[in-house]
Number of protein chains: 2
Amino acid sequence: MAKTGKSKIDQSKVVLKRRNSRRDVLSASQLASQLQKGDRQTLATCITLVESTNAERNKTGLEVLKNCKRNSGKSIRIGITGAPGAGKSTFIEEFGSYIISLGHRVAVLAIDPSSTRSHGSILGDKTRMPLLSANDKAFIRPTASGGSLGGVSAKTPEVIQLCEAAGYDVILVETVGVGQSETAVHAMTDFFLLLALAGAGDELQGIKRGIMEMADAILVTKADGDNIKRANLAKAQIKSALHLFPSEESGWIPQVDSISALNKKGIDNAWNVVTAYQELARSSGYYKKKRNDQKIWWLNQLIEFEVLQNFRNAKGVQAAYTKATDQLLKGKVGVHEAVKSIIAVSKKSG
Amino acid sequence: MAKTGKSKIDQSKVVLKRRNSRRDVLSASQLASQLQKGDRQTLATCITLVESTNAERNKTGLEVLKNCKRNSGKSIRIGITGAPGAGKSTFIEEFGSYIISLGHRVAVLAIDPSSTRSHGSILGDKTRMPLLSANDKAFIRPTASGGSLGGVSAKTPEVIQLCEAAGYDVILVETVGVGQSETAVHAMTDFFLLLALAGAGDELQGIKRGIMEMADAILVTKADGDNIKRANLAKAQIKSALHLFPSEESGWIPQVDSISALNKKGIDNAWNVVTAYQELARSSGYYKKKRNDQKIWWLNQLIEFEVLQNFRNAKGVQAAYTKATDQLLKGKVGVHEAVKSIIAVSKKSG
C-alpha cells in the first residue's frame, strides 16, 4: 500500500513537469509534425491532451489529430482480452517483441476499467512488461476509463489514431475483461483475440459469457509442463464448440491454438493468424466496411452517452429515479408510470 | 397476397367491433374484476388497451393492472427462441398442450419483430397452433413490436401481467429471433429455452451468436426418423460446448436434450427441466432477485428509449446527424466534433 502511494506521488510530479513543459506551448500543427516523426514524448503529450477534461487542452489534442495525415487502414488494431491470470502480460510481452522483430512498431494500450487515473502511469506496465518497456520500437500506455462507456475511455479511438500517426503500425488494445469493456474494445479493433486458461477440469477459467463468440482467435495459454495435456484438450473442445456457431460476417473462421509464452511456442502462429485475417478482410473489402461501421458505432455510443448523461444530471432526476425505483419494486407503481414521473421531472428542469 | 389482404380486412372489422363494444365503457375496476375471473375476451380487450397508443385508452389499461391483485411470483414465464424452421410452433403446440394436461393454464405471447400490427390478429396463430388455439385453457396472442426496443413491444411486460391476472400461470413468450429481441425476451422471462435444429453437417442451423450462452435449456428439435443420429450428435456437442462456459448466477446448469414433437418424445422432460429450475431458483431466492432486477432493467430501457427518442425527434437533429455522419466517414471531422455538432443542434431546438 505504501508503495502504491509513493508511485502516485511520483506520477503527479511527472504530470506537473509535463504540464509546464515546452510542449504545452507548441501549436497543434507543430505537435502534429513532431508526432509524425515518431517522437515518443510528443505522442505521450498528445495522448494526455486528447484525454484531458480541460476543454482548451482537449481541443488542442483533437487539432493535432486533424493536422496529421490520416493513415488509418495501414495499421492493424488487435484487441486482447482474457480473465485475470490467463497470462495477458506475458503473452503481450512475447507477442509484441516477436512482431517488432519482424520490423513493426507496436503500441500497447492497456485499458483498466477499475482505474480512474486521468494521466497514465507507466510504472506498473514497466514491471509487467519489462522487455517491451525497454524496447524503443514499443510504446506502452495505460488508458484510464473514468468509468464511462462500459469501462473504456471515450477517447481510446483517438489515442489509437495518435499512435498510428506516430508510426505504430500494430496497436494492441488490452482489456482486463471487467464490465462491458470487451464490447467496446471489440468495436474499435480489427481483430479480437481471446486468451483462455484451461482449468483444473477442462473448463475455461473466468471466461465471461458472450465473449467467446466475439473472438477471431482463441489462444489457450500456458500450454507447457504439466499443463500441456489439459491445454490441448481445452483447445479441441473450443474448436468443437466454435463449430456450432454461425460463421462471421467477414467469412473468417475463428482459429484456436494452444500457446506457451514460457517456451515461446505458438507466438509466431498467433501473428500468422492475424495477418491471414488481415489479408482476407482487406481483399474482401470487409476491413474498410468494418472500420466505417465502427466509426458510426462510436458516434452513436458517444451521442447516447452524452444525451443520457445530460438527462441524469438534470435537476431532480436522480431523486425522482430513486423514488420511482423504490415504488416500482414495492409494486406501488407500474414501470410506465415510473418512467413518466422521471421524464416529467427532467422536462421541468430542462 | 390476395389472402393476406382479405385477412387484414377481416381483422379491422374485429377491431372496430371491439372498439364499439360494451367493454370500452366499463371502468378499469370493472374490467379488472372480470379479468381476474379469467374472462378471455376481457383479457384480449385489456391487452389492446395497454398496447394502445391512444393516451386515454392506454391509461385505462394501466389502471386495470393497478386494480388487479398482483400475483407475480406465482407464474412461470418461459422465453422460447429458435431460428425459423427450428420447429417453434410445433413444439409450443405440444409443450403447451402437455402443460395444460397437468392442470395449468397457458398463455402464448408470440412476438413478431417484423410486424407492425397494432392489434394482434390471431388468425395466423390459429393455423400455426390449431390444437392449442382450440383449447380453452390456452390463450394465444401475437404482440406487435412496432420496431421499438429491440423488436419487443415496450408493453410486453404489462401484457404478461395481464395474462397472469387472468389466471394464466404458465406464460410462453415466443420470439422468432430477429434483431435483438432475444435479449429483451430474456429480460422479461424466468427461464430461457432455445430450440436448435441440427444441420446437414453437425452444426446448428441459424443460431445467432450470443444466444446459446443465454439459454437455460437447449432442445435439439426434430430428433426423429433419419434425423435422430444427427440430433443426438448435436446434443452431445452442445453439452460439451456449454461445459466451457461459466456457470449461471443462479447456480443452474443449462440442460440439453433432444426432442421430437412428432413422436411426443422429450416434451415431458422439457417441462421437468423448467420445474426443476423453478424449484432451485425459488428456494435460493434468485427468482425474486431476478424479477426485481428485470423490473429495473425495463425501467432503465424505457427511460433510455424515451430520452433518446425525444433527442432524435428534436428539430434539426436528424439533418445534423446525416451531415455529421457523412463528414465523419469522409474523414473531415473527428467523432467528438461530430457528436458536439449534433448535440448543439438539439440544445438549440430544446
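1. Regarding the overall build of chain A
When you go through chain A residue by residue, the secondary structure sums to 14 helices and seven strands. Of all intrachain contacts in chain A linking residues separated by at least 6 positions in sequence, the fraction that spans at least 24 positions is 72%.

2. Some points on the nonpolar core
Residues Leu162 of chain A together with Leu162 of chain B are the most contacted members of the largest nonpolar core, which totals 195 residues. In contact with Leu162 of chain A, other than residues within four places in its own chain, are Leu35, Leu43, Cys46, Ile47, Val50 and Leu65 of chain A.

3. A few points about unusual backbone geometry
Residue and element names in this part refer to chain B. For Lys222, which is not glycine, the phi torsion reads 55 degrees and is therefore positive. Assignment of secondary structure puts Lys222 in the loop between strand 6 (217-220) and helix 10 (228-244). Given 24 C-beta atoms within a 10 Å radius, Lys222 is considered buried. Phi at Lys264 takes a positive value of approximately 50 degrees, unusual for a residue other than glycine. Counting through the fold element by element, Lys264 comes out in the loop between strand 7 (255-258) and helix 11 (267-284). A count of 12 C-beta atoms within 10 Å places Lys264 in the exposed class.

4. Structural notes on the domain arrangement of chain A
Residues and elements named next belong to chain A. Per the domain assignment, the segments of chain A are domain 1 (2-11 + 15-67), domain 2 (70-284) and domain 3 (295-349). The interface of domain 2 with domain 3 comprises five residues on the first partner and five residues on the second. Within the side of domain 2 that touches domain 3, the residues separate by chemical class into four nonpolar, one polar and no charged.

5. Thoughts on the interface of chain A and chain B
Taken together, the 46 residues of chain A in the interface contact 46 residues of chain B. Listing elements by their share of the side of chain A that touches chain B, those giving two or more residues are helix 4 (55-67), helix 8 (156-165), helix 10 (228-244), helix 12 (286-313), helix 13 (317-329) and helix 14 (335-349) of chain A. In terms of residue count, helix 12 of chain A provides more of the side of chain A that touches chain B than any other element does, twelve residues in total. Looking at the side of chain A that touches chain B residue by residue, the class counts come to 25 nonpolar, ten polar and eleven charged.

6. Focus on the environment of Ala110 of chain B
Residues and elements named next belong to chain B. Relative to the helices and strands, Ala110 is located in strand 2 (residues 106-112). A tally of 24 C-beta atoms within 10 Å means that Ala110 is categorised as buried. Note: C-alpha distance between Ala110 and Thr143 (33 residues apart in sequence) is 6.0 Å.

7. Observations regarding the environment of Thr42 of chain B
Residues and elements named next belong to chain B. Within the fold, Thr42 resides in helix 3 (residues 40-51). C-beta crowding within 10 Å serves as the criterion here: with 22 such atoms nearby, Thr42 is assigned to the buried category. It is 23 Å that separates the C-alpha atoms of Thr42 and Met188, two residues lying 146 residues apart in sequence.

8. Concerning the pairing of strand 5 (residues 191-196) of chain A
All names here are of chain A. Burial analysis of strand 5 places six of its six residues in the buried class, the great majority of the element. Burial along strand 5 is two-sided: the face carrying Phe191, Leu193 and Leu195 and the face carrying Phe192, Leu194 and Ala196 are both buried. Looking at chain direction, strand 1 (residues 76-82) and strand 5 are connected through five bridges and run parallel. Looking at the pairing, Gly79 lines up with Phe192 of strand 5.

9. A closer look at the relation of the copies chain A and chain B
Mapping chain A onto chain B is achieved by rotating through 180 degrees and translating by 0.0 Å along the same axis, at an RMSD of 0.1 Å. The operation mapping one copy onto its partner corresponds to a two-fold rotation axis. A share of 100% of interface residues in chain A that are also interface residues in chain B marks the association as one of identical surfaces.

10. Description of helix 2 (residues 28-36) of chain A
All names here are of chain A. When we look at burial in helix 2, the residues that qualify are Ala28, Leu31, Ala32 and Leu35. With its buried residues spanning 100 degrees around the axis, helix 2 presents them on a single face. Among the structural elements, helix 3 (40-51), helix 4 and helix 8 are those in contact with the buried residues of helix 2.

11. Quick look at the pairing of strand 1 of chain A
Residue and element names in this part refer to chain A. Extensive coverage of strand 1 is indicated by the burial of seven of its seven residues. Side-chain alternation along strand 1 places Ile76, Ile78, Ile80 and Gly82 on one buried face and Arg77, Gly79 and Thr81 on a second face that is also buried. In terms of strand pairing, strand 1 meets strand 4 (residues 170-175) through five bridges, oriented parallel. From the neighbouring strand, Ile76 faces strand 4, where its bridge partner is Val170.

12. Brief notes about helix 3 of chain A
Residue and element names in this part refer to chain A. A rise of 1.5 Å per residue sets the reference length of helix 3, with its twelve residues, at 16 Å; its end C-alpha atoms lie 17 Å apart and thus fit the reference within 8%. For helix 3, the buried fraction is high: ten of the twelve residues fall into the buried class. Buried residues of helix 3: Thr42, Leu43, Ala44, Thr45, Cys46, Ile47, Thr48, Leu49, Val50 and Glu51, and no others.

13. Points about the packing of helix 3 of chain A against helix 4 of chain A
Describing two packed helices takes the angle between their axes plus the distance from one axis to the other. All names here are of chain A. In contact at an axis separation of 6 Å, helix 3 and helix 4 are set at 125 degrees when each is read in the N-to-C sense. Between helix 3 and helix 4, the angle is such that the two are oblique. Note on packing geometry: the crossing formed by helix 3 with helix 4 is left-handed. Residue-level contacts link Cys46, Leu49 and Val50 of helix 3 to Arg57, Asn58, Thr60, Gly61, Leu62 and Val64 of helix 4. Residues of the contact of helix 3 with helix 4, tallied by class, amount to five nonpolar, three polar and one charged.

14. Quick notes on the packing of helix 12 of chain A against helix 12 (residues 286-313) of chain B
Their axes nearest at 10 Å, the elements helix 12 of chain A and helix 12 of chain B cross at an angle of 105 degrees. Looking at the two axes, helix 12 of chain A sits roughly perpendicular to helix 12 of chain B. Contacts between helix 12 of chain A and helix 12 of chain B involve Glu304, Val307, Leu308 and Phe311 of chain A from the former and Glu304, Val307, Leu308 and Phe311 of chain B from the latter. Of the residues assigned to the contact of helix 12 of chain A with helix 12 of chain B, the class counts are six nonpolar, no polar and two charged.

15. Description of the confidence of the model for chain A
Residue and element names in this part refer to chain A. For chain A, per-residue confidence averages 82 on the pLDDT scale, and 82% of positions sit at 70 or higher. Low pLDDT, under 50, characterises residues 1-20; the stretch is placed with eight contacts to residues that sit more than four places away or in other chains. Ignoring residues within four places in sequence, the model shows residues 115-123, a span with pLDDT below 50, making 23 contacts including any to other chains. Here the prediction assigns the complex a pTM of 0.77, and the interface score ipTM is 0.77.

16. Thoughts on the environment of His336 of chain B
All names here are of chain B. Turning to its location among the elements, His336 is positioned in helix 14 (residues 335-349). Classification of His336 by C-beta neighbours within 10 Å gives buried; the count is 22. A C-alpha to C-alpha distance of 59 Å links His336 and Leu102, two positions 234 residues apart in sequence.

Reading guide: rules and limits
Residues numbered from 1 in each chain as written. Chains lettered and ligands numbered in written order. Predicted model: local features only at pLDDT ≥ 70, side-chain atom pairs only at ≥ 80, totals over all residues. Helix = DSSP H or I, 4+ residues; strand = E, 2+ residues; numbered from the N terminus. Contact = placed C-beta atoms within 7 Å. Core = buried A, V, L, I, M, F, W, Y, C linked by C-beta atoms within 7 Å. Buried ≥ 20, exposed ≤ 12 C-beta atoms within 10 Å, placed from the backbone. Domains from an automatic or database assignment. Nonpolar A, V, L, I, M, F, W, Y, C, P; charged D, E, K, R; others polar. Pairing = 2+ DSSP bridges. Least-squares fit on C-alpha atoms with pLDDT ≥ 70 in both. Arc of directions from axis to C-beta. Expected span 1.5 Å × (residues − 1). Axes fitted to C-alpha atoms, helices over the stretch in contact; angles between N-to-C directions. Parallel < 35°, antiparallel > 145°, perpendicular 65-115°, else oblique. Left-handed = near helix turned anticlockwise from the far one by under 90°. pLDDT = per-residue confidence, 0-100.

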